[in-house]
Structures are given as C-alpha cells and as structure tokens.
Amino acid sequence: MNEEQDAAHPASSSVRCESTTHAVVQTLPDPGSTALRAIEIPYNRGLHRLAVVLACWTFLLIIAGALVTSNDAGLSVPDWPTSFGSWYKIPKLVGGVKFEHTHRMIAQGAGLLTILLAVWTWRVEKRRWLRVLGFAALGTVIAQGILGGLTVLYYLPPPISSAHAALAQTFFCIAVAMAMFTGRKWVEEQPRAEVDERRPTLFTLTLLSIFVLYVQLILGAMFRHHGLSWWPHVVNAVVVSFLLAWTAIRALTVYSQIEAIRRPAVLMLSLVIAQLCLGFTAFLTRVAWGRDAVQPELPMVISTVAHVAVGALLLATTVILAIQVWRHAPVAFEERLPQAHRDPSAA
Amino acid sequence: MNRTRMTLGMLALSALLALAACSKKEETPAASPSADQGGAMAPAATPIDPATVATINGTVKFGGTAPKPSKIDMSQDPGCKGMNEAENVVVNGGDLANVFVYVKDGLGARTFDVPTTPVVLEQQGCRYHPHILGVMAGQTVQIKNSDPTTHNIHPTPKDNREWNESQPPSSPAIEKNFAREEIMLPVKCNQHPWMKMYINVVKNPFYAVTDKDGKYEIKGLPPGDYTIAFVQEKLGEQDQKVTVGPKDTKTIDQSFKPAAD
C-alpha cells in the first residue's frame, strides 16, 4: 500500500492522523529509514468548487439525455460529430432537435469542465490517486462521447445506447466522488475508523448495493432502448430495494454516530423510496397507459426522466456511502493479511 | 513513459473516431437508387396475356366500436400547423381505411417489371401522405417536404437497410428504394415523434391500399389460385384464398375486429 492510499485510508495501516486547521498531516513509517515523513494535503477551494460544478453539470446532462430518450428524439440530428453538417452552428431548436442538440451542447460543456478539472487536479493535487482519477474522468467522458456518437451512427442499437446510459451514471459517480475527495471535510476530517466486525460487513453490503444498482441501471436502460422487456427491471427492483434497505438500516443502527455514514445512508433510504414511487408511476404512464400513445406524452416524459435522475442520485449516494464506510468503518485489519502473515509468531 | 502512454491514447482515440467516420460513410445510402436494387439486373418479366386478366375488389370493414382517433399536439414546432389526428386506425362509418391488400401467394415463379415511375411520399402539415404506401422492390420512392420545417425520414426496417436523413424545407426530393420484400416497414420522423407511416415493399404489382371508404381494387391479375393478404398496422394480417378465372371480377370483402388488449 503506497503513501497516497494511506492518505485516503488512514485506518488501514499503522498510520496516525493529526488534524490541523487547513491540512491533514499524516505520519507514515518510512521503509528506508526510521525517520517519519509527512504529506500535507491542502484544501483547494477553487478545485473543489470546479468539481462540484462538474457534478451538478453532469446531473443536468443526465436529465438532458433522459429527455432525449423519453421524447424519442435520439436521431433527430442524424449526423455526428457534426450537427446537420456543422461543427458550431446551432440549428433551429424545434421538435426533437431541441432535446438532442441541447444534450450535445451540455455534453460539450461537461467535456470542457472535465478537461479543466483533470488538468487542474494534475497540477495542484498532491494525492497521486486523485490526479489519476481526474484523468480517468476525462477518459470516461471521451468514451461517453464516442458511445453517444456510435449510438447515432448505428441508429440507436440497444446495447450501445444502454452502455451510453450506464457510462453516463458512472461518470456522474466519478464527478461526485471527486467533489467529495476535494472537499474540505474529506481533507480536514479525522476518520473515526471504527472496525466493522459484523458479517457481512457494511462495506460488503455497500459493494453489493452498487452491483445490484448497476444491474438495475442496465436492465432499465435496455428496456428504455427497446432491447429488453420491462419485467427483468421490475423483478430486480425487489432485490435492489431489499439490499439497499438492509445496507441503510445496518449503517443507521451501527454507525449512526458517524455523520459521514449516517447522512448518505439516510439519503439512500429516502431515494430508494422515492425511486420506487417514480418507478411505479413510470410503469403506469409508459407501459400500462402509454403503450399505444401516438407521441410521447408529458406525464410519461416527466415520470421517466425523474426516474432516471433519481436513479443517478441513488447510485452516486451509494458510491459515496461505500467510500465513507471504507474510510470510517474499515474491515478488521488482520483479515487483509495473507494467511502466512496471520501466524501469531509473524505478528 | 507518460508521453508514450499519452501518444498511444491519442492514437486509440483517433482510430475510434476514424472508425466512426468510416462507418457513417458506409451507412449513408446513395441519393439515387443503386443499380443492383433496380430493374437493370432483374430477370425479364413473365408475360401476362392482357385478354385474360382478372380483377379483385372489395371493402374492408371494421367490426365493433370504432376507436376515437387520438389528437396530436404539434405545438413543439411552430412550423407544424393545423389539426392532426392519429391515423393508426381510421374508420368511416364502419369502413376501414389504410389497409394494405396484396397478393401474398399464388404467383409462383413469375417475375414482374419494376415500374420506372417513382411513388411519391409527401410530408405536409407534419404528416405523411399517404399514411400507407405500397411499392415494388427496387422501385424508386420520391420523398418530398412541403413543410416550412425540417423533417427527418427514418425507416426502421427488419429486412432492408436502415437509414436516417434530414430534409430541410424547399430542399430537393430524396429518392430511395428498398431491395427486399417487407410488409409494414415503419417510417418515422424523429423531429416530430407523431409522424409515422408504413411502406409495404412487394415483389409483384398486385397490391392496393383501402381508401377512406374501405374500398380497394387490384387489376391485371392472371387467372389462378391466390392468397390475398389484408394487413393493418395495428390490427394485424388476415388472409383469404381466392380463385380467379379469365376476365373474372371478384369481390372479396374483409372485416377486422378491434385489437385485443
């Protein structure tokens, strides 16, 4: 485990954290000598604000993308990367073009913000893993743009359109995580590091929650893009609700005193309830009542877009909860050691 | 090391963009009908004795209460004016319009000349005219835009090649054809999601679409035993067997029931 990892997760080794007013000083054992080395992680308000803006912008982009799908406007601009043959001219924003081209413009903004964030992080950030994450975000946004283009060029094939939808929310999670990692609280807060000895661990539960949410996201996207029936998404909703409720209840009963865990757990539980209601409404407006609609109707558009947006918030909240659990409620240290190192004589 | 990675990354990105650009070129259909889809390579038509040909006509009815046509809201584009109603089931006094009627079976190995005159698909008032179109495989479909707004024409076939092209106001007609037989091939405009119509691509010239009174007529049919198919976009297909002799005029009526939910 390198120094940067330790800086992110001080409880995972024999690291001692000392909080200062504007920086965390972490003392680490130097493998080369007995001297201690310190890493300062200064809080950078500008960088943090940019990460927050990117996260909010990405949320807006997800809503814009959901509007494109719900209004069946995905191919209203038939070319890519140009729009009606132009790189810069804004077409008349009427009909489906209003949704598709607005989505493209917001996506361009997200791309520019991501470039700015990646370069700025690379220049000022001392945590190497965060610098890498900045460029991982850039790589994700580029891949997302290419998927968006391919879905236009190949007339919305369900697997590509669904991958575009899933990667959008992955990028949103990265943006939200970067906003958290650059935040004052993350930088200056001293983790509680209460070892989790329950089985399955809360961290395992959060990882499982993320997994089932991803499956749910893909099933929902495949249904929206006509690649799958609605019932796998509805069946998996039961699994998602059960697992997320279990995770949230465990977090709230065992770690309610840790604010960094309690808040995302409460939010996650609230979002699960909201998402179930929205999912039911979306089912009614689209499957039950809107099956033979001659055009996308407003109740269907509103309920399906809200369902996508709250789904994105739910996934991001679960990712945040997992990270906070990893930080504040780590798995007992000895479990991470290889078998040979668990020998008491080795200890 | 980092520079090498960045260069490799840029190369990979360029390759992906080039792939996307190339694929677009391949997908973009030619503006005019391609030679292999037209009549140039088609075998000579089997001769039909005009003195013996028969006619089939009739009326298609809708049994049951006619559904109320859904109103369409076109307010999202000021270029679309006027009233608009869904045309998925059009019933006038029990007569069912927009049913595609064609000889599905019985012509054997006969071949037919592909007409050189194009069939016209007009976009006017942000609707397609006609709503149901019949065309022979390889025959040119001429698509016109008479609206003061841009449309895009996007057929979503199962057996033919998919394409999607925009057509601004006052632009020249787009000419396309479809190589393979396909019934109820959906065409839509992604800019105006209520705009939908169906093209029926057949291998013979014996087809018709019922008018507003539910009537159709198929002329010039050589004597023989045939299967006549009646296809409605929402109500499905119904077939009837018929035998026509030389110079016969037969009336074949058909009735559709409301679709079961």
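Scroll up a little and you will see the structure.
Because the structure is a prediction, the values reported are computed rather than measured.

Participant: Give a detailed account of the overall build of chain B, specifying residues and quantitative values.
Facilitator: If you tally the helices and strands in chain B, you get one helix and 19 strands. Across the 261 residues of chain B, 35% fall into the buried class. Put simply, of all contacts in chain B between residues at least 6 apart along the chain, 68% involve residues at least 24 apart.

Participant: With reference to specific residues and values, describe unusual backbone geometry.
Facilitator: Here the residue pair Trp80(A) and Pro81(A) is connected by a cis peptide bond, since its omega of 10° sits within 30 degrees of zero. Structurally, Pro81(A) is set in the loop between α2 (45-70) and α3 (95-124). Residue Pro130(B) is bonded to the preceding His129(B) through a cis peptide linkage, with omega at 0°. Looking at where Pro130(B) falls in the secondary structure, it is placed in the loop between β6 (127-129) and β7 (132-136). A positive phi angle is found at Leu156(A), which is not glycine, with a value near 55°. The residue Leu156(A) is located in the loop between α4 (128-153) and α5 (158-181) in this model.

Participant: Before we move on, could you go through helix α7 (residues 202-224) of chain A and cite the residues and values that matter?
Facilitator: Taking 1.5 Å per residue, 23 residues should reach 33 Å; α7(A) reaches 32 Å between its end C-alpha atoms and fits that length. Looking one or two places after α7(A), you find His226(A), whose phi comes out positive at around 65°.

Participant: Report on the sheet that holds strand β13 (residues 196-202) of chain B, specifying residues and quantitative values.
Facilitator: Residue and element names in this part refer to chain B. Read across the sheet, five strands follow the order β7-β13-β12-β9-β10 without closing on themselves; strand pairing throughout is mixed. Pairing within the sheet leaves two strands with one partner each, and these edge strands are β7 and β10 (165-167). Neighbouring strand axes in the sheet, compared pairwise and without regard to direction, differ in orientation by 30° on average. The pairing of strand β9 (residues 151-155) with strand β12 (residues 182-188) spans two bridges and is classified as antiparallel. Note that in β12 the partner of His-154 across the bridge is Lys-188.

What counts and what doesn't
- Residues numbered from 1 in each chain as written.
- Chains lettered and ligands numbered in written order.
- Predicted model: local features only at pLDDT ≥ 70, side-chain atom pairs only at ≥ 80, totals over all residues.
- Helix = DSSP H or I, 4+ residues; strand = E, 2+ residues; numbered from the N terminus.
- Buried ≥ 20, exposed ≤ 12 C-beta atoms within 10 Å, placed from the backbone.
- Contact = placed C-beta atoms within 7 Å.
- Expected span 1.5 Å × (residues − 1).
- Pairing = 2+ DSSP bridges.
- Axes fitted to C-alpha atoms, helices over the stretch in contact; angles between N-to-C directions.

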